[in-house]
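Chain by chain, the residues:
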Amino acid sequence: MEPDSVISVPSPSRNASPLLWVNLSRNLILAYQSLGVVYGDLSTSPLYVYSSTFIGKLQKHQNEDAIFGAFSLIFWTLTLIPLLKYVFIVLSADDNGEGGPFALYSLLCRHAKFNLLPNQQAADEELSAYKYGPSTQATGSPLKRFLEKHKKLRTALLVVVLFGAAMVIGDGVLTPAISVLSSVSGLQITEKKLTSGELVVLACVILVGLFALQHVGTHRVAFMFAPVVIIWLVSIFSIGLYNIIHWNPKIVHAISPYYIIKFFRETGKDGWISLGGILLSVTGTEAMFADVGHFTALSIRLAFAFVVYPCLVVQYMGQAAFLSRNLEKIPNSFYDSIPGSVYWPVFVIATLAAIVGSQAIITATFSIIKQCHALGCFPRVKVVHTSKHIFGQIYIPEINWILMILTLAITIGFQDTTLIGNAYGLACITVMFTTTFLMALVVIFVWKKSVWLAAVFLAFFWLCEGVYLSAALMKVPQGGWVPLVLSVIFMMIMYIWHYGIRKKYNFDMHNKVSLRWLLGLGPSLGIMRVPGIGLIYSELATGVPAIFSHFVTNLPAFHKVLVFICVKSVPVPYVSPEERFLIGRVCPRPYRMYRCIVRYGYKDIRRDDGDFEDQLIQSIAEFIQMEAGEPQVSSSETSSYDGRLAVIGSRTIQSSSSLIVAENEDWDGIESIQSSKSQTLQSLRSAYPDDHENQAARRRRVRFEVASSPGMDMGMREELIDLIEAKEAGVAYIMGHSYVKARKSSSYLKKMVIDMGYSFLRKNCRGPAVALNIPRTNLIEVGMIYYV
């Protein structure tokens, strides 16, 4: 090898070091931010764990060995579930950066045909967000084929996911109640003790204030979340360390699992039932996975392993050391263990930390509801985006007030953190149990690992969590029934809504308009075609819906250009703007009938920016230009039109443009200086400024013109002119106002679900036109009854 060849090789370590430092510093900043969003709930658990554990029959076993055994159980529970399971395993199973039960479900649905939702094969074409290619569904193991074959098993999988999501919503009710009530309970050990009723009133005032401020958005107070939690963690670490040194340094030996065996040997069945209190030490763990989309897996791992975990272990150890010498202080163990000189500062920080923890789970509940709705499992609700800069921060007014009413009812009804803790623990362990099951499927179908490895994972963690679940179920009569009732109610709402839209979709699929019938009508469709564009909304990604024939037979005239719009939520978190539209033809060129599939991920934000019409016209124009360069479909091949779709984005735009775009901006109706410029279609893909303050006053208008090009195909030019003239004539949005009813031959249960349950939800949720931001002045609705 020549010397100059050796010299020209760059040093990998020299280039990699700055990159590694930038990546590490970014993750350290995210780890700092995650402390306030992810760990507020988990870090406030020391407020109520010991008092909830040594209650009931375990009171007769209050001695030093029992205290040591309880701490050993807490230590190993924190080590096995949050640290081993979530930090090292579950956080690796994100869905393109997103976590939670629905993220795991969407991940599975992309690697196996588990989805019961309407067939989205056409909507899923060429999505680069998929980590694995479409060939992953081509072959599979016998287990995969077995599960795909049996619809009942796929239905059971969906029910499991919905049950887990419903339990997360239950957490959104229980977390604020137990956190706030536990934090203010410190006022019961002061000189001027407050009665239980006064504490409940104070807690309710704080809760009402917390929910009332949700509409302003968490971003306005997010800057103080992380400092509050950090101060809280430093405080409990310092108090724990002080108590270890001052009261009983021998507590360090309780890390040994021997003390767990000794604990159960002494307490027996009473000790097993007390595991419901130990379980509260890991409540809030699921937020580590659910909120991974706002940060990174590495940042959450760093925050837990190096900050949260040591602080919690030292605090629980310090409380145990204090209680081993002060057994009578168990009912208010946390506040009694605080040295008198720092009591009030810690009380204030504890209250603020409880509010932060409650805020985090409320926001997570909003996110879960939005994901459920995007995947067709929740009625349409109003989603308000509270921040222009922090992606994903949303507020749902209806859900917020429902949560507030339920939380106040729980607080006033129980007035006891032990009873609320029983309910809270059952909700949390059920979510963990569900996550373990879904993770085992991910190991098999996504990671392509051995079934035996998945079975070992499932058996080990189900054994650990099953013990806690069995203990939590024993406390169903003492408050544990609350999350079960809440989850059943929310799960019924989700499943009934999903069942109704699935039946409606199946009706559309089996009653599609025949393409031969459309071709037989001719380009005029047998009626007068008037200038303008008609956007016909449908759930079908292929074919023409039955309601279209209802339009044709009931309307005397129809628009010259027709576009069938299908808005689909695909099983990925986000869809890039370049892949948003799929464009195709429904009929041959003279019919001027197109299909557009608009794709959104289950975490995408559908902003009402007023650009949809312009973007749609641009996309259709690009499709026409792109198609002009391809071989034309002969008349004998017209049946294939409705299956040919193209992804329209900046990647497919040619260097030459056939359109001239003139842009006008009006301020309060007064036309400003007009600037016209020729642009390529690629430049038009740039997003408009997201300026909500000026949107009402400023209106941006785009005018299209066909460029003069001697080499342009005449057919393409004529079609572009028709498209632009139709756009100038006006755009109408056409939707079916559907009523879904069960057939007379249906079973009584089906009639009750469809005619009562689904109809009630449909009448009391937001209309599809409102949810899709369709202007009411341009909306045409045609009624139709679906008998399913």
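Residues numbered from 1 in each chain as written. Predicted model: local features only at pLDDT ≥ 70, side-chain atom pairs only at ≥ 80, totals over all residues. Heavy atoms only, no water.

A. Molecular detail of the overall build of the protein chain. Per the secondary structure count, the protein chain includes 28 helices and 13 strands. Residue burial in the protein chain is summarised as follows: out of 788 residues, 55% are buried. If you take every contact in the protein chain between residues at least 6 apart in sequence, the share linking residues at least 24 apart comes to 84%. For the protein chain, the computed accessible surface area is about 33,700 Å², with 62% contributed by carbon and sulfur atoms. (Helix = DSSP H or I, 4+ residues; strand = E, 2+ residues; numbered from the N terminus. Buried < 20%, exposed > 50% of the residue type's maximum accessible area, 1.4 Å probe, protein only. Contact = heavy atoms within 4.5 Å. Areas by Shrake-Rupley, 256 points an atom, 1.4 Å probe, with all protein chains shown as cover.)

B. Inspection of a nonpolar patch on the surface at higher detail. On the surface, a cluster of nonpolar side chains totalling about 410 Å² of accessible area is made up of Trp21, Val22, Leu24 and Leu28. For Trp21, the position within the fold is in helix α2 (residues 12–37). When its relative accessible area of 56% is taken as the criterion, Trp21 is described as exposed. (Patch = residues over 30% accessible without salt bridge, like charges linked within 9 Å, V, L, I, M, F, W, Y side chains within 5 Å. Salt bridge = Lys/Arg side-chain N within 4 Å of Asp/Glu carboxyl O.)

C. Fine view of the packing of aromatic side chains. In this structure the tally under the stated criterion is 27 aromatic pairs. For the ring pair Phe366 and Tyr395, a centre distance of 6.0 Å and an interplane angle of 80° mean the geometry is edge-to-face. Of this pair, Phe366 sits in helix α17 (residues 343–374) while Tyr395 sits in strand β2 (residues 394–395), placing them 29 residues apart in sequence. The two residues Phe366 and Tyr395 agree in class, both being buried. An aromatic cluster of three or more residues is present, and its members are Trp232, Phe334, Tyr335, Tyr343, Trp344 and Phe347. A cation over a ring is seen here: Lys504 above Tyr786, with NZ or CZ 5.0 Å from the ring centre. (Phe/Tyr/Trp six-rings, centres within 6.5 Å; stacked < 30°, edge-to-face > 60°. Lys NZ or Arg CZ within 6 Å of the ring centre and 35° of its normal.)

D. Expanded view of unusual backbone geometry. One non-glycine residue with positive phi stands out, namely Lys448, at about 60°. Within the element layout of this structure, Lys448 appears in the loop between α19 (417–445) and α20 (451–473). Phi is positive for Arg592, which is not a glycine, with a value near 55°. Mapping Arg592 onto the fold places it in the loop between β5 (581–585) and β6 (593–601). Taking the relative accessible area as the measure of exposure, Arg592 reaches 8% and is therefore buried.

E. The side chain of Thr285, seen in detail. Mapped onto the elements of the fold, Thr285 is located in the loop between α13 (275–278) and α14 (286–290). Judged by relative accessible area, which is 0%, Thr285 ranks as buried. Setting aside residues no more than four positions away along its own chain, Thr285 makes contact with Leu42, Pro82, Tyr86 and Met432.

F. Just the pairing of β5, in detail. Of all five residues making up β5, five are buried, and the element is well covered by its neighbours. Side chains Phe581, Ile583 and Arg585 project from β5 onto one buried face, and the interleaved Leu582 and Gly584 project onto a second face that is buried too. Sheet topology places β5 next to β6; five bridges connect them, and they run antiparallel. Looking at the pairing, Ile583 lines up with Cys596 of β6. (Pairing = 2+ DSSP bridges.)

G. Here's a closer look at the packing of helix α5 (residues 64–88) against α19. Relative orientation of the contacting elements α5 and α19 amounts to 30°, with a least axis distance of 12 Å. Between α5 and α19, the angle is such that the two are roughly parallel. Considering the relative orientation of α5 and α19, their crossing is left-handed. Each of Ile81, Lys85 and Tyr86 in α5 lies in contact with α19, whose residues at this interface are Met432, Thr435 and Thr436. A class-by-class count of the residues in the contact of α5 with α19 yields three nonpolar, two polar and one charged. (Axes fitted to C-alpha atoms, helices over the stretch in contact; angles between N-to-C directions. Parallel < 35°, antiparallel > 145°, perpendicular 65-115°, else oblique. Left-handed = near helix turned anticlockwise from the far one by under 90°. Nonpolar A, V, L, I, M, F, W, Y, C, P; charged D, E, K, R; others polar.)

H. Region of the structure containing the nonpolar core. If you look at the biggest cluster of nonpolar residues, it comprises 167 residues, and the most contacted ones within it are Tyr39, Tyr50, Phe71, Trp232, Ile251 and Phe304. Not counting residues up to four positions away in its chain, the partners in contact with Phe71 are Tyr50, Ile251, Ala254, Ile255, Val313, Tyr316, Met317 and Ala320. Of all hydrophobic cores here, the second largest spans 34 residues; its members include Leu525, Ile547, Val753 and Tyr758. (Core = buried A, V, L, I, M, F, W, Y, C linked by side-chain atoms within 4.5 Å.)

I. Summary view of the confidence of the model for the protein chain. Averaged over all residues, the pLDDT of the protein chain is 80; the fraction at 70 or higher stands at 81%. Overall, residues 131–139 carries pLDDT values under 50, and its contacts beyond four positions in sequence, including any with other chains, amount to 15 contacts. (pLDDT = per-residue confidence, 0-100.)

J. Spotlight on the packing of helix α10 (residues 225–247) against helix α15 (residues 297–325). Closest axis-to-axis distance for the α10/α15 pair is 7 Å, and the angle between their directions is 40°. The pairing of α10 with α15 is recorded here as oblique in orientation. In the crossing of α10 with α15, the sense of the turn from one axis to the other is left-handed. Counting all contacts with α10, which are made through Leu233, Ile236, Phe237, Ile239, Gly240, Leu241, Asn243, Ile244 and Trp247, the residues of α15 involved are Val307, Val308, Pro310, Cys311, Leu312, Val314, Gln315, Met317, Gly318, Ala321, Phe322 and Arg325. A class-by-class count of the residues in the contact of α10 with α15 yields 16 nonpolar, four polar and one charged.

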